Amino acid sequence: MQKQNILIVDDHEPSLEAMSEILSRQGYEVRSTSSGKEALKIMQSGPFDVILTDLVMPDVDGMEILEVATKMDSQPRVIMITAYGSVDKAVEAMRAGAENFIEKPIQSIDELREKVSKAIEKQSLRQE
């Protein structure tokens, strides 16, 4: 069985490293970057099943990444990560096509694993 590809985008390096390690240990193929601009380039390099992206970043924000992802042929599932706990922004992201959202700092590794697993499952069903 082919490994599922996940892209993680977060300008907060400790969060980025923690999520990358957790999901790599789950057996996912993980690519990560701290730059939204770099993420847009990486997204063109191959299909991703799930993209976890910080909502607020200095160069390219999570909403812009979501917008590009929804137009891709592979239509990866996008999970928003936000330290701002903004329900309004989360709702806006969900309406724009985000799969789910996670608040930072991530309090529960199980929550991260579960939300990614559900997104992978939906993506697999859609691809079938």
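Calculation rules
Residues numbered from 1 in each chain as written. Predicted model: local features only at pLDDT ≥ 70, side-chain atom pairs only at ≥ 80, totals over all residues. Heavy atoms only, no water. Phe/Tyr/Trp six-rings, centres within 6.5 Å; stacked < 30°, edge-to-face > 60°. Lys NZ or Arg CZ within 6 Å of the ring centre and 35° of its normal. Pairing = 2+ DSSP bridges. Helix = DSSP H or I, 4+ residues; strand = E, 2+ residues; numbered from the N terminus. Axes fitted to C-alpha atoms, helices over the stretch in contact; angles between N-to-C directions. Core = buried A, V, L, I, M, F, W, Y, C linked by side-chain atoms within 4.5 Å. Buried < 20%, exposed > 50% of the residue type's maximum accessible area, 1.4 Å probe, protein only. Contact = heavy atoms within 4.5 Å. Patch = residues over 30% accessible without salt bridge, like charges linked within 9 Å, V, L, I, M, F, W, Y side chains within 5 Å. Areas by Shrake-Rupley, 256 points an atom, 1.4 Å probe, with all protein chains shown as cover. Salt bridge = Lys/Arg side-chain N within 4 Å of Asp/Glu carboxyl O. Lys, Arg positive; Asp, Glu negative; His and termini not counted. Charge placed at Lys NZ, Arg CZ, Asp CG, Glu CD. Expected span 1.5 Å × (residues − 1).

**Q** I would appreciate a short explanation of the packing of aromatic side chains in the present structure.
**A** What describes a pair of aromatic rings is the distance from one ring centre to the other and the angle between the planes of the rings. If you walk through the whole model with that rule in mind, you get zero aromatic pairs. Lying across the ring of phenylalanine 101, lysine 115 places its NZ or CZ 5.7 Å from the centre.

**Q** So what exactly am I meant to see when it comes to the sheet that holds strand E1 (residues 5–9) here?
**A** Through backbone hydrogen bonds, the strands of a sheet pair up, either in parallel or in antiparallel fashion. Reading across from one edge, E2-E1-E3-E4-E5 is the order of the five strands in this open sheet, with parallel pairing throughout. Whereas interior strands pair on both sides, the edge strands pair on one side only; in this sheet they are strand E2 (29–33) and strand E5 (100–103). Averaged over all pairs of adjacent strands, the angle between their axes in this sheet comes to 20 degrees, without regard to strand direction. Alignment of strand E3 (residues 50–54) against strand E4 (residues 77–82), held across five bridges, turns out to be parallel. When the bridges of E4 are listed, aspartate 54 appears paired with isoleucine 81.

**Q** For this particular structure, what's the right way to read the nonpolar core?
**A** Counting 20 residues, the largest nonpolar core has Leu7, Met43, Ile51, Ile65 and Met80 as its most contacted members. Look past the residues within four positions of isoleucine 65 in its chain and what remains in contact with it is Val9, Gly36, Ala39, Leu40, Met43, Ile51, Thr53, Met57 and Val60. Core analysis: the next-biggest nonpolar cluster, separate from the first, contains 17 residues, Ile8, Leu23, Ile79 and Ala119 among them.

**Q** Can you help me understand a negative patch on the surface in this one?
**A** Side chains of Asp11, Glu13, Glu17, Asp59 and Glu64 sit close together on the surface and give a patch of like negative charge. Position of aspartate 59 among the secondary structure elements: in the loop between E3 and helix H3 (62–70). Using a relative accessible area of 36% as the deciding quantity, one classes aspartate 59 as partly exposed.

**Q** Would you take a moment to explain helix H1 (residues 13–25) for this structure?
**A** The periodicity of an α-helix, 3.6 residues per turn, causes residues three or four places apart in sequence to face the same way. Compared with the 18 Å implied by 1.5 Å per residue over 13 residues, the 18 Å span of H1 between its first and last C-alpha is a close match. Among all positions in H1, only Ser15, Leu16, Met19, Ser20, Ile22 and Leu23 are buried. For H1, the elements touching its buried residues are E1, E2, E3, E4 and helix H5 (109–127). Positive phi appears at glycine 27, one or two residues downstream of H1, with a value of about 100 degrees.

Spatial relationships are all this shows, so hold off on functional conclusions.
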